[in-house]
Amino acid sequence: MNTRIGRLGLGGLLLVGAVQTALAEEAPAPSQPAAATSSAGRLSVGETILTVGGFLQADAVLTDQSSQDQLSPSGGEPLNTQRFLIRRGHLFVEASRRMLRAAVELDANTIKGMALGLARAELALGKARPTWNWELALGLVRIPFGLEVREWDPDRFFLERSNVSRALFPGNFDLGARAQVSWRFLRAQVAAMNGNPLGDASFPARDPNSAKDFVGRLGMDATVATKVHVTAGVSSLKGTGFHPGTPATKNVLVWNDQNEDGMVQLSEIQIIPGRAATPSRNFSRFAVGADSRIGLAIPRLGNSVLFGEVIWGSNLDRGLRPADPIASGRDLREFGWVVGASQEFTSWVGLGVRYDFYNPDVDASRQTPTVLVPRDVSFHTWTFTLSWGGFAHDRLMLEYQHNRNALGVASDGSPTTLAADTLTLRGQMVF
Amino acid sequence: MSFRPGIWFLPLAVAACGGTSSDTGLEAAVRVAGGQFYPGSIDKLASADVPTVVDVLNSQNVIIPGLQNKQISGRLDPGSTAVAIGFSGDIGYWILPADVPDADSPTQPTFHASLSFSPSLPQTSYDLIVRAATPPNTIGPATHVALDVEPSLPPTGGLVVSLWWDTGSDLDLHVVDPYGVEIWAGNINSYDRYSTLPAPDAGAMSEAGILDFDSNAGCVIDGRCNENVVWSVAAPAGDYVARVDTFSLCGNSAARWTVEALFDGVSLGKAEGEALPASQRFSKGKGSGVTALSFTVASP
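Residues numbered from 1 in each chain as written. Chains lettered and ligands numbered in written order. Predicted model: local features only at pLDDT ≥ 70, side-chain atom pairs only at ≥ 80, totals over all residues. Heavy atoms only, no water.

(A) Highlighting the overall build of chain A. Helix and strand counts for chain A come out as 5 helices and 23 strands. Burial analysis of chain A (431 residues in total) assigns 50% to the buried set. Taking as baseline every contact in chain A between residues at least 6 positions apart, the subset at least 24 positions apart corresponds to 60%. Total accessible area computed for chain A in this model is approximately 19800 Å², and 64% of it derives from carbon and sulfur atoms. (Helix = DSSP H or I, 4+ residues; strand = E, 2+ residues; numbered from the N terminus. Buried < 20%, exposed > 50% of the residue type's maximum accessible area, 1.4 Å probe, protein only. Contact = heavy atoms within 4.5 Å. Areas by Shrake-Rupley, 256 points an atom, 1.4 Å probe, with all protein chains shown as cover.)

(B) The interface of chain B and chain A, seen in detail. With 39 residues of chain B at the interface, the matching set in chain A holds 33 residues. Between chain B and chain A, a total of about 2700 Å² is buried, with carbon and sulfur atoms accounting for 57% of that surface. Where chain B touches chain A, the interface holds 0 salt bridges. Where chain B meets chain A, there are 11 residue pairs in polar contact (both at pLDDT 80 or more). Only helix 1 (10-16), strand 2 (36-39), strand 5 (70-76), strand 7 (92-97) and strand 9 (125-134) of chain B provide two or more residues apiece to the side of chain B that touches chain A. In terms of residue count, helix 1 of chain B provides more of the side of chain B that touches chain A than any other element does, 3 residues in total. (Buried area = accessible area lost by both parts, 1.4 Å probe. Salt bridge = Lys/Arg side-chain N within 4 Å of Asp/Glu carboxyl O. Polar contact = N/O pair within 3.5 Å; in protein donor to acceptor, adjacent residues only side chain to side chain.)

(C) Focus on the sheet that holds strand 17 (residues 255-263) of chain B. Residue and element names in this part refer to chain B. On the basis of which strands lie adjacent, the open sheet formed by 5 strands has the order 14-15-11-17-18 and antiparallel pairing. Looking at the sheet topology across the chains shown, the edges are occupied by strand 14 (209-211) and strand 18 (266-275). Across this sheet, the average inter-strand angle for adjacent strands is 10 degrees, counted without regard to direction. With 3 bridges joining them, strand 14 and strand 15 (residues 226-231) adopt antiparallel strand pairing. Bridge pairing links L211 to V229 in strand 15. (Pairing = 2+ DSSP bridges. Axes fitted to C-alpha atoms, helices over the stretch in contact; angles between N-to-C directions.)

(D) Examining the pairing of strand 16 (residues 238-248) of chain B more closely. Residues and elements named next belong to chain B. In terms of residue burial, strand 16 counts as a mostly covered element, since 8 of its 11 residues are buried. For strand 12 (residues 170-176) and strand 16, the ladder comprises 7 bridges, and the chain directions are antiparallel. Across the sheet, the residue bridging to L173 is V244, located in strand 16. Sheet analysis places strand 16 next to strand 19 (residues 290-297), joined by 7 bridges and oriented antiparallel. Counterpart to V241 in the pairing with strand 19 is S294.

(E) Examining the sheet that holds strand 12 of chain B more closely. Residues and elements named next belong to chain B. Read from one edge to the other, the open sheet built from 4 strands follows the order 13-12-16-19, with strand pairing classed as antiparallel. Single-partner strands in this sheet number two, and they are strand 13 (182-183) and strand 19. Note that strand 12 and strand 13 share 2 bridges and pair antiparallel. Counted as the bridge partner of V176 is E182 from strand 13.

(F) Structural view of the confidence of the model for chain A. Residue and element names in this part refer to chain A. Scored by pLDDT, chain A has a mean of 87; 90% of the residues are at 70 or more. When pLDDT is averaged over each helix and strand of chain A, the minimum, 35, is found for helix 1 (residues 2-16) and the maximum, 97, for strand 8 (residues 186-193). Note that residues 1-38 has pLDDT below 50 and, in this model, 88 contacts with residues that lie over four places away or in other chains. (pLDDT = per-residue confidence, 0-100.)

(G) Seen up close, the state of the cysteines. Residues and elements named next belong to chain B. Throughout the structure, instances matching the rule amount to 1 disulfide over all chains. Here C219 engages in a disulfide with C250; their sulfurs sit 2.1 Å apart. Judged by the sign of its S-S torsion, about -90 degrees, the cystine formed by C219 and C250 is left-handed. One end of the pair, C219, is in the loop between strand 14 and strand 15; the other, C250, is in the loop between strand 16 and strand 17, and 31 residues separate them in sequence. The thiol sulfur of C225 is not disulfide-bonded, and the nearest other cysteine sulfur, from C250, lies at 9.3 Å. C225 sits in the buried class, given a relative accessible area of 11%. (Disulfide = S-S within 2.5 Å.)

(H) Here's a closer look at the environment of A82 of chain B. Inspection of the secondary structure assignment puts A82 of chain B in strand 6 (residues 82-87). On a C-alpha basis, the gap between A82 of chain B and P236 of chain B in space is 60 Å, while along the polypeptide they are 154 residues apart. Once you skip the residues sitting within four places of it in the chain, A82 of chain B turns out to touch S411, D412 and G413 of chain A together with L76, I95, L96, P97, A98, R131, A132 and A133 of chain B.

(I) Main features of a nonpolar patch on the surface. All names here are of chain A. On the surface, a nonpolar cluster with roughly 710 Å² of combined accessible area is contributed by L301, F345, W348, V349, L351, L386, W388 and L396. Listed by contribution, the elements that provide at least two residues to the nonpolar patch are strand 16 (349-359) and strand 19 (379-391). Relative to the helices and strands, V349 resides in strand 16. (Patch = residues over 30% accessible without salt bridge, like charges linked within 9 Å, V, L, I, M, F, W, Y side chains within 5 Å.)

(J) Region of the structure containing the pairing of strand 5 (residues 115-128) of chain A. All names here are of chain A. Two elements, strand 4 (residues 100-109) and strand 5, share 10 bridges in a ladder whose sense is antiparallel. In the sheet register, D107 faces strand 5, and the bridge partner there is G117. The antiparallel hairpin formed by strand 4 and strand 5 contains 5 residues in its connecting segment, where G113 sits at a positive phi of about 85 degrees. Of the strand pairs in this sheet, strand 5 and strand 6 (residues 132-142) are connected by 8 bridges, and their pairing is antiparallel. For L123, the partnering residue across the bridge sits in strand 6 and is L138. Hairpin connection between strand 5 and strand 6: a loop of 3 residues separates the two successive antiparallel strands.

(K) Region of the structure containing the packing of aromatic side chains. Residues and elements named next belong to chain A. Taken as a whole and assessed by the stated rule, the structure comprises 18 aromatic pairs over all chains. Summarising the aromatic geometry, the rings of F157 and F158 are spaced 5.6 Å apart at their centres and angled 70 degrees between planes, so their arrangement reads as edge-to-face. Residue classification places F157 among the buried positions, given a relative accessible area of 14%. By way of ring pairs, the aromatic residues W312, F335, W337, Y355, F357, W382 and F384 are connected into one cluster. Taking NZ or CZ as reference, R120 lies 5.9 Å from the ring centre of F92, over its face. If you follow R354 out to its NZ or CZ, it ends over the ring of F158, 5.0 Å from the centre. (Phe/Tyr/Trp six-rings, centres within 6.5 Å; stacked < 30°, edge-to-face > 60°. Lys NZ or Arg CZ within 6 Å of the ring centre and 35° of its normal.)

Structure representation (structure tokens):
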């Protein structure tokens, strides 16, 4: 089945059904699912083919070093993260008729309480041939950048994307228009998008400025030998970020009881003059990246996958440490990479390991009592995943993450790692 | 009970070693804004002879439970990069990076700490310990600052009617005096200039019952959760009614409240109750709320 999908390419998938189309966007690999297509319900009404399907990912966070049985002093949010939760519950309906395809996908989750929202909504026009195809899509579409962003969630061997991917692209989908074309093994995708994907820390699924982000990827997707599948590409993003202005403020008198006598003295009253509103401003941002994945189907053992991705960016962090060069007074340069490997042992058991590095500000510095010194604010994560399951995407996963960061303060005042290791169990089913 | 897989998941537990605690220190008696919390007693840290704390500036040695933003500052030995602050015997201490030196002592790093104290701090004396630190993780001897905890006193007066509650909800105290005047957030003073019975005189306004504070008004949570109506001088004799109005639970599931009337320090009555979501549905304003307490002030 996997080999068949690779031969058909995107165009063939467009014709045979909407689910296959969704999967084809995610860079087919030896581990490409068969169950998803076979388990999705399909109904033909005249010329229209309706497809219904979805997937569920239910998590049990067994331990998290950062978890506490407290509420956040600032926002009142629970700090306990050792819990059961629905990470993703997706349900989609796709309709295809001649060259047209429409899809709506909903996501229900309990990450921050019960939530139900759009995960994907696109209208596409496309044509497929045996060796080439093209498609134009409009709506809430997948961002054509890199490897991990384009990957379908149940396809991913690990529970979540790497830090660099989640920081620069907090969601896989953004509102915009996308064009993609493939010829034999070559793939090209370009898109004009709002630049505020689902999951954006400031304006998710909205667009505070009229400028659009332009994203594209040029790559290849080929079965080099009978058992070897190679995916590789380079990606780029050029866009415009938004620094929010502030409303006008009134004059305020503040009493600061400096001598702590509980009495108001004139010298303790501070006048904070009101300020005029400040305008919002735009700023430039960009990213370039390169990615590759090599899959090897080993007879009687299973699939081996080796992958890697590297991204350079500027002012693009929208998730982990949102970049705002207007507020910081300088451009914030990001750099990150990820490498990983997974190995199936028969069709029942799989093991994977991944290492990812992300530095949200390579020029960061900190003031010591005497000098200004460079500061390493990078995140390093080792991820180990054990997967068990006998039916393609339907599996049970146990994942341990060892995190290293610079969020803590050592006893001598220097930055150090704030403990944040996690152990998570996930059950997943595609239907 | 939290699940600790490190016990049985040995390889992963080995990989997990390292990293400072992510405990926010909310259960500590003293908290330092912007500091890193470390579980363990500050007294038991291995001590070196240097670096030392040169001096500590502290305005007041008397604190009240729940006090916020108490400022202390000081100077440290040259080469110091951080300061450890905590109560002797507390469950943990705080590490705060040192600041740049002042102009008048350019070689000595400084520190500026904003302290907050637990609202449940017992009334006793505490030993605040300040210790300078320098790389690599060397902590110097302790400098001691004595702090005495005094309770926050309830308002005093001839007659005090108090309402307390336990969650960040907007509850309002309404007190009706013997003349039928209702004191509440919409009428904080029982003095009625248009009243003819009894005829007001020049000192009547200051002698009236006054609501001291509208706590958590409009769900802007101030954390006080306490309102008092106070007659600073002799309250008029007669029958009083105290009501509790649940303006809003502000998202909480309930609020347990207590109302007490004190006449010259002697309790005239006490009542307890619970505000539930259903309590919010009544109209708000004068006359609203449930009757919590009725009491009589005798003629002198």
